[in-house]
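So the chains spell out like this:
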Amino acid sequence: MAMGRRKHRQRGLWIETGRLARGPGHPFYQRLNELLAREGFDAFAEVACEKFYAEVMGRPSLPPGVYFRLLLIGYFEGIDSERGIAWRVADSLALREFLGFELTQGTPDHSTLSRTRRLIAQETHEEVFTWVVCLLARHGLLRGKTLAIDATTLEANAALRSIVRRDTGESYQQFLERLAKASGIATPTREDLARIDRDRGGKGSNDEWRHPHDPEARIAKMKDGRTHLAHKAEHVVDLETGAIIAVTVQTTDGGDAASSKATLQEAMDVIADVMEDAEAAAALSPTVFAELVADKGYHSNAVLQAQAELGIRTYISEPRRGKRRWGGKEKARAAVHANRRRMRGEHGKRLSRRRGEYVERGFAHNYETGAMRRVHLRGHTNIRKRLVVHTAALDLGLVMRKAFGAGTPRGLAARLRRLTDRLSAAYRHCCALIASHAARWWAAAANALGLSPRFTLFLSSAHGTCTTGC
């Protein structure tokens, strides 16, 4: 057989659009577009972002609805960077259709995406998140009575080897060399520097070190035990539905009890905005924000006393602190003892278990399968812009799961695989039944005809082998 050779042909200058190949589209993104169109998302986004665009000046811009859809794709496809989103969109016919791009149109590159993010304010990104939370309420996926708060770490887009001293601006290498020369080593080697660094205590203090290009990143221990520069993402979750109603980005060295004030205030503001929508407010619980659930990192006198003054029942796990002295702290003692009493009840234990399930599930979806555990942006403002829309996609997945049965494209593919497996199992079961009935029929027919038992066994085994291989 002669070997075929690849032929080089000159491409035509003109191609009829009717002859262009078209993908079948993705059913998940088609349904998501239908949902966004039915709820008027594009009109809302254009009104919210209108003040950031000039009427006649500048190059053709990225429509707000397309920009926010691009960030939604980051969650649904599990893409961590804006450059990765741009590459994925340029390579996928289904995502082109989701964004509304024809095959003859070029998709936006990562620089356009990042420029649009810098152009649109953080408050507008939060308005989009609030719009999604209102959508959850209108679909009966938000109650707002029992809320849980928790935080997790995000690896910063900054390397530890690039940190500098806050007081002198020295790099870590220069600082060690100065210490070595001060100890009497004129020309320190790498071994000398390693020995000095090993014997020195408090080497990773955030009070002494910072990153020159991301000052808000802090040295912290990650979930897997490694030490990195990191940020803290804090969620407020509705424990009745699993919806995330607030997310903030804060420093890791402030403590959970200190950072909870801003996050809980953000949750209250979002609930207040939802209650302005009559249809969404009707779906909320009559007693909004009546219970707060958290782990022992949030247990402090200030937090418990502040929530008690607001009339909120707290269910916060209490760490072992030994015997405490309450001289002159009667209000704090009353709040701590009331919280302890509630945590010992069956309702408190049930809420604590539900917190571990719903809050950790949101972290897993947002930062593991959603690929935001490591951020590719610097500064809390930029990170929060990306994170709030990323979390809005998670909430949209709850609406899609209720209406469509799958909250992500991967979930839809898994559902189809399960359906295929069930159909295959049913088919194999039917084949086995047919084989067993056929074997008995042949045996009965052979007995009626007076054939030998050896011939009957041959017929039964032959048909059984043939049919069980289906």
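Structural data are supplied above this passage.
Reading guide: rules and limits
Residues numbered from 1 in each chain as written. Predicted model: local features only at pLDDT ≥ 70, side-chain atom pairs only at ≥ 80, totals over all residues. Heavy atoms only, no water. Helix = DSSP H or I, 4+ residues; strand = E, 2+ residues; numbered from the N terminus. Buried < 20%, exposed > 50% of the residue type's maximum accessible area, 1.4 Å probe, protein only. Contact = heavy atoms within 4.5 Å. Areas by Shrake-Rupley, 256 points an atom, 1.4 Å probe, with all protein chains shown as cover. Pairing = 2+ DSSP bridges. Right-handed = clockwise from strand over helix to strand, strands pointing away. Polar contact = N/O pair within 3.5 Å; in protein donor to acceptor, adjacent residues only side chain to side chain. Phe/Tyr/Trp six-rings, centres within 6.5 Å; stacked < 30°, edge-to-face > 60°. Lys NZ or Arg CZ within 6 Å of the ring centre and 35° of its normal.

Student: So what about the overall build of the chain? Which residues, and what values?
Tutor: Broken down by element type, the chain carries 17 helices and 8 strands. Burial status across the chain gives 45% buried among its 470 residues. At a minimum sequence separation of 6, the contacts of the chain that also span at least 24 residues come to 71%. Working note: accessible area of the chain is about 26,300 Å², and carbon and sulfur atoms make up 53% of it.

Student: I'd like to hear about the pairing of strand S8 (residues 313-316), residue by residue, with values.
Tutor: Bridging between strand S7 (residues 291-294) and S8 involves 4 bridges; their strand directions are parallel. Bridge pairing in S8 places Val 293 opposite Tyr 315. Note that the unit made of S7, helix H12 (residues 301-309) and S8 has a crossover that is right-handed.

Student: Explain the environment of Gln 105 to me, using residue names and the numbers behind them.
Tutor: Here Gln 105 is to be found in the loop between helix H5 (93-99) and helix H6 (110-119). The residues contacting Gln 105, other than those within four sequence positions of it, are Arg 96 and Gly 100. Within polar-contact distance, the side chain of Gln 105 engages the backbone nitrogen of Glu 102 at 2.9 Å.

Student: Would you mind going over unusual backbone geometry in detail, with residue names and values included?
Tutor: Although it is not a glycine, Phe 289 adopts a positive phi angle of roughly 55°. Take Phe 289: it is sitting in the loop between helix H11 (278-283) and S7. For Phe 289, a relative accessible area of 8% puts it in the buried group. One non-glycine residue with positive phi stands out, namely Ala 371, at about 65°.

Student: Please provide a residue-by-residue account of the pairing of strand S1 (residues 146-155), values included.
Tutor: Counting buried positions over the 10 residues of S1 gives 10, a clear majority of the element. Of the two faces of S1, the one carrying Thr 146, Ala 148, Asp 150, Thr 152 and Leu 154 and the one carrying Leu 147, Ile 149, Ala 151, Thr 153 and Glu 155 are both buried. Pairing geometry for S1 and S7, over 3 bridges, is parallel. Residue Thr 146 lies in a different strand from S7, and its bridge partner there is Glu 291. Relative to strand S5 (residues 227-238), S1 runs antiparallel, the two being bridged by 9 bridges. Following the sheet pairing, Asp 150 is matched in S5 by His 235.

Student: Explain the packing of aromatic side chains residue by residue, including any values.
Tutor: Where two aromatic rings form a pair, the distance of their centres and the angle of their planes describe that pair. The full count for this structure, using the stated rule, is 12 aromatic pairs. When the ring of Phe 28 is compared with that of Tyr 29, the centres are 5.6 Å apart and the planes differ by 85°; the resulting orientation is edge-to-face. Here the two residues Phe 28 and Tyr 29 agree in accessibility, since each one is buried. Considering the side-chain rings of Phe 363 and Tyr 367, the 6.1 Å spacing of their centres and the 35° angle between planes classify their relative orientation as tilted. Taken as a pair, Phe 363 and Tyr 367 lie in helix H14 (residues 346-369) at a separation of 4 residues, close to a single helical turn. In this pair, the class of Phe 363 matches that of Tyr 367, namely buried. What links up through ring pairs into an aromatic cluster is the set Phe 28, Tyr 29, Tyr 75, Phe 76 and Phe 98. Above the plane of the ring of Trp 209 lies Arg 165, whose end atom (NZ or CZ) is 5.2 Å from the centre. Between Arg 342 and the ring centre of Tyr 315, over which it is positioned, the NZ or CZ distance is 5.9 Å.

As far as function goes, none of this settles anything; it's purely spatial.
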